[in-house]
Amino acid sequence: NAGVTQTPKFRVLKTGQSMTLLCAQDMNHEYMYWYRQDPGMGLRLIHYSVGEGTTAKGEVPDGYNVSRLKKQNFLLGLESAAPSQTSVYFCASSYSRRSHIRTEAFFGQGTRLTVV
Amino acid sequence: AQTVTQSQPEMSVQEAETVTLSCTYDTSESDYYLFWYKQPPSRQMILVIRQEAYKQQNATENRFSVNFQKAAKSFSLKISDSQLGDAAMYFCAYRSPRGTGAGSYQLTFGKGTKLSVIP
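The paragraphs below set out a description of the structure included in this document. Everything numeric here is computed off the predicted structure, so don't read it as measured data.

Cut-offs applied
Residues numbered from 1 in each chain as written. Chains lettered and ligands numbered in written order. Predicted model: local features only at pLDDT ≥ 70, side-chain atom pairs only at ≥ 80, totals over all residues. Heavy atoms only, no water. Phe/Tyr/Trp six-rings, centres within 6.5 Å; stacked < 30°, edge-to-face > 60°. Helix = DSSP H or I, 4+ residues; strand = E, 2+ residues; numbered from the N terminus. Buried < 20%, exposed > 50% of the residue type's maximum accessible area, 1.4 Å probe, protein only. Contact = heavy atoms within 4.5 Å. Buried area = accessible area lost by both parts, 1.4 Å probe. Salt bridge = Lys/Arg side-chain N within 4 Å of Asp/Glu carboxyl O. Polar contact = N/O pair within 3.5 Å; in protein donor to acceptor, adjacent residues only side chain to side chain. Nonpolar A, V, L, I, M, F, W, Y, C, P; charged D, E, K, R; others polar. Pairing = 2+ DSSP bridges. Axes fitted to C-alpha atoms, helices over the stretch in contact; angles between N-to-C directions. Disulfide = S-S within 2.5 Å.

**Re the packing of aromatic side chains**
Note on aromatic pairs: each is described by the distance of the centres and the angle between the planes. Taken as a whole and assessed by the stated rule, the structure comprises 16 aromatic pairs over all chains. Pairing phenylalanine 90 of chain A with phenylalanine 107 of chain A gives two aromatic rings, centres 6.4 Å apart and planes at 80°, and the pair type is edge-to-face. Placement of phenylalanine 90 of chain A in strand β9 (residues 87–94) and of phenylalanine 107 of chain A in strand β10 (residues 106–107) is noted, with a sequence separation of 17 residues between them. Residue phenylalanine 90 of chain A is classed as buried on the basis of its relative accessible area, which comes to 0%. Residue phenylalanine 107 of chain A is classed as buried on the basis of its relative accessible area of 6%. Ring geometry for tryptophan 36 of chain B against phenylalanine 75 of chain B: centres 6.3 Å apart, planes inclined by 25°, an arrangement best described as stacked. Placement of tryptophan 36 of chain B in strand β5 (residues 33–39) and of phenylalanine 75 of chain B in strand β9 (residues 74–79) is noted, with a sequence separation of 39 residues between them. With a relative accessible area of 0%, tryptophan 36 of chain B lands in the buried category. A relative accessible area of 0% means that phenylalanine 75 of chain B is categorised as buried.

**Concerning the interface of chain A and chain B**
Taken together, the contact pairs 29 residues of chain A with 19 residues of chain B. A buried area of about 2000 Å², summed over both sides, lies between chain A and chain B, and 52% of it is on carbon and sulfur atoms. Summed over the shared surface of chain A and chain B, the result is 1 salt bridge. The interface formed by chain A and chain B contains 7 residue pairs in polar contact (both at pLDDT 80 or more). Counting only elements with at least two residues in the side of chain A that touches chain B, the list comes to β4 (31–38), β5 (42–51), β9 and β11 (111–115) of chain A. Classifying every residue of the side of chain A that touches chain B gives 14 nonpolar, 9 polar and 6 charged.

**With respect to the pattern of salt bridges**
Under the defined criterion, the tally for this structure stands at 7 salt bridges over all chains. The shortest N-O distance in the salt bridge between aspartate 38 of chain A and arginine 36 of chain A comes to 2.8 Å. For arginine 36 of chain A, a relative accessible area of 9% puts it in the buried group. For arginine 50 of chain B, the salt bridge goes to glutamate 104 of chain A, with nearest N and O atoms at 2.7 Å.

**Topic: the pairing of β9 of chain B**
All names here are of chain B. Extensive coverage of β9 is indicated by the burial of 5 of its 6 residues. Relative to β9, strand β3 (residues 19–21) runs antiparallel, the two being bridged by 3 bridges. Across the sheet, the residue bridging to leucine 21 is leucine 77, located in β9. Between strand β8 (residues 64–69) and β9, which follow one another and run antiparallel, lie 4 residues, and lysine 73 among them has a positive phi close to 55°.

**Focus: the sheet that holds strand β3 (residues 19–25) of chain A**
All names here are of chain A. Spatially, the 4 strands line up as an open sheet ordered β1-β3-β8-β7, and their pairing is antiparallel. Strands at the two margins of the open sheet, each flanked by one partner only, are β1 (4–7) and β7 (65–67). Across the sheet, the mean angle separating the axes of adjacent strands is 20° when strand polarity is ignored. Judged from the 3 bridges that link them, β7 and strand β8 (residues 73–78) form a sheet pairing that is antiparallel.

**Here's the deal with the state of the cysteines**
For the structure on display, the rule yields 2 disulfides over all chains. Across a sulfur-sulfur distance of 1.8 Å, cysteine 23 of chain A and cysteine 91 of chain A are joined as a disulfide pair. Its S-S torsion of approximately -75° makes the covalent link between cysteine 23 of chain A and cysteine 91 of chain A left-handed. With cysteine 23 of chain A in strand β3 and cysteine 91 of chain A in strand β9, the pair connects residues that are 68 residues apart, well separated along the chain. Each member of the pair, cysteine 23 of chain A as well as cysteine 91 of chain A, carries the same accessibility label: buried. Two residues, cysteine 23 of chain B and cysteine 92 of chain B, share a disulfide whose sulfurs are 2.0 Å apart. Between cysteine 23 of chain B and cysteine 92 of chain B the disulfide shows an S-S torsion of about -70°. By sign, it is left-handed. On the criterion of sequence distance, the pair formed by cysteine 23 of chain B in the loop between β3 and β4 (24–26) and cysteine 92 of chain B in strand β10 (residues 88–95) is long-range, its members being 69 residues apart. Judged on exposure class, the residue cysteine 23 of chain B and its partner cysteine 92 of chain B are both buried.

As structure tokens, this is what we get:
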């Protein structure tokens with residue numbers, strides 16, 4: 001049982017380049033989240049999804065897009081990377097209809113992204 | 001929107017001693033979930049303990065326990081018999097229950113408390 005897997009783990013981008021971060025979960029979870037973590041700022045929610053085909057904006061959505069075409073995958077895209085997007089990105093998932101009492105989120109290992 | 005506040009950016013504790021990390025939150029809801037997550041240098045986010053708001057009894061997991069004060073909207077974490085492996089960032093988090101409107105599924109984090117354990 002892999003849990004939540006993020007790809008890639010590290011990436012360096014040049015300003016203006018685009019990239020997609022992939023998050024995959026094998027727990028049949030309904031909810032999936034993308035966060036960014038910056039020093040002294042905690043984890044801030046970028047976008048989230050409450051089910052296949054649905055997405056919503058979080059606290060800091062600007063400059064990012066997401067898609068959830070399949071229940072197990074949640075993609076985070078940067079169309080034109082900026083140095084301000086240098087951060088560690090975490091994907092998380094939670095809530096299975098079969099084990100609804102388990103309310104906590106499970107996290108991926110994080111992706112360290114540097115934009116130069 | 002819900003907010004979570006951790007007022008202690010850094011704390012330290014002697015090995016084998018007890019330390020309490022503070023967390024307060026702001027919400028208008030009566031039913032919700034609260035969590036403490038640990039993030040060691042490996043960067044992995046690890047669930048330490050969870051508390052359902054409808055439960056009056058404070059949650060306990062081995063050396064970790066919480067003091068949940070619903071009226072005061074306070075959720076502190078107590079670590080007893082501190083060990084070197086407890087050194088990490090600790091995040092308090094709040095989650096709304098399902099079906100209470102826009103944003104109700106969001107998991108909101110505090111800014112974290114960095115805990116150092118002194119041998």
